[in-house]
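In case you want the letters, here they are:
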Amino acid sequence: MTLLLNGAPQEIAAKTLAEALAELGYGGRIVATAVNGEFVPARKRAEMPLNDGDRIEVVAPMQGG
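Below is a short write-up of the structure. (Residues numbered from 1 in each chain as written. Predicted model: local features only at pLDDT ≥ 70, side-chain atom pairs only at ≥ 80, totals over all residues. Heavy atoms only, no water.)

1. A few points about the pattern of salt bridges
The criterion, for reference: Salt bridges, as used here, are contacts in which a Lys or Arg side-chain nitrogen is within 4 Å of a carboxyl oxygen on Asp or Glu.
As enumerated under the stated definition, the model contains one salt bridge in all. Two residues, glutamate 47 and lysine 44, come together in a salt bridge whose shortest N-O distance is 3.7 Å.

2. Focus: the pairing of strand E5 (residues 55-59)
The line we're drawing: Remark: exposure states derive from per-residue accessible area (1.4 Å probe, protein chains only) relative to the maximum for the residue type, with buried under 20%, exposed over 50%, and partly exposed in between. In this text, helices come from DSSP runs of H or I with a minimum length of four residues, and strands from runs of E with a minimum of two, each type numbered from the N-terminal end. Only strands that DSSP links by at least two bridges are regarded as paired with each other.
Where burial is concerned, the two faces of E5 differ: the one with Ile56 and Val58 is buried and the one with Arg55, Glu57 and Val59 is not. Direction of pairing for strand E1 (residues 2-5) relative to E5: parallel, over a ladder of two bridges. In the sheet register, leucine 5 faces E5, and the bridge partner there is isoleucine 56. Where strand E3 (residues 32-35) lies against E5, four bridges are found, and the strand directions are antiparallel. Within the sheet, the bridge partner assigned to threonine 33 lies in E5 and is valine 58.

3. Notes on the sheet that holds E3
What counts, and what does not: In this description, a line fitted to the C-alpha atoms serves as the axis of each element, helices being fitted only across the stretch in contact, and the angle between N-to-C directions of two axes falls anywhere from 0 to 180 degrees.
Reading across the sheet, the five strands line up as E2-E1-E5-E3-E4 and stay open at both edges, with mixed pairing between neighbours. A strand with exactly one partner marks an edge of an open sheet, and here the two such strands are strand E2 (8-11) and strand E4 (38-40). Going across the sheet, the axis of each strand differs from the next one's by a mean of 35°, ignoring polarity. With four bridges joining them, E1 and E2 adopt antiparallel strand pairing.

Structure follows, in structure tokens:
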């Protein structure tokens, strides 16, 4: 299916947000997530189904000044 990941089209096979994060290389990292503009807490990602065309936002903390 095709999703918009941080505004860019991305092809994935995952069916849930947790699976998508793992497939996209975010597994094990501390990130904030939203699907279609709604915040999704980490504990709810495994039960958040994804559909073709969903918009996913992933924000990771960065070091620097």
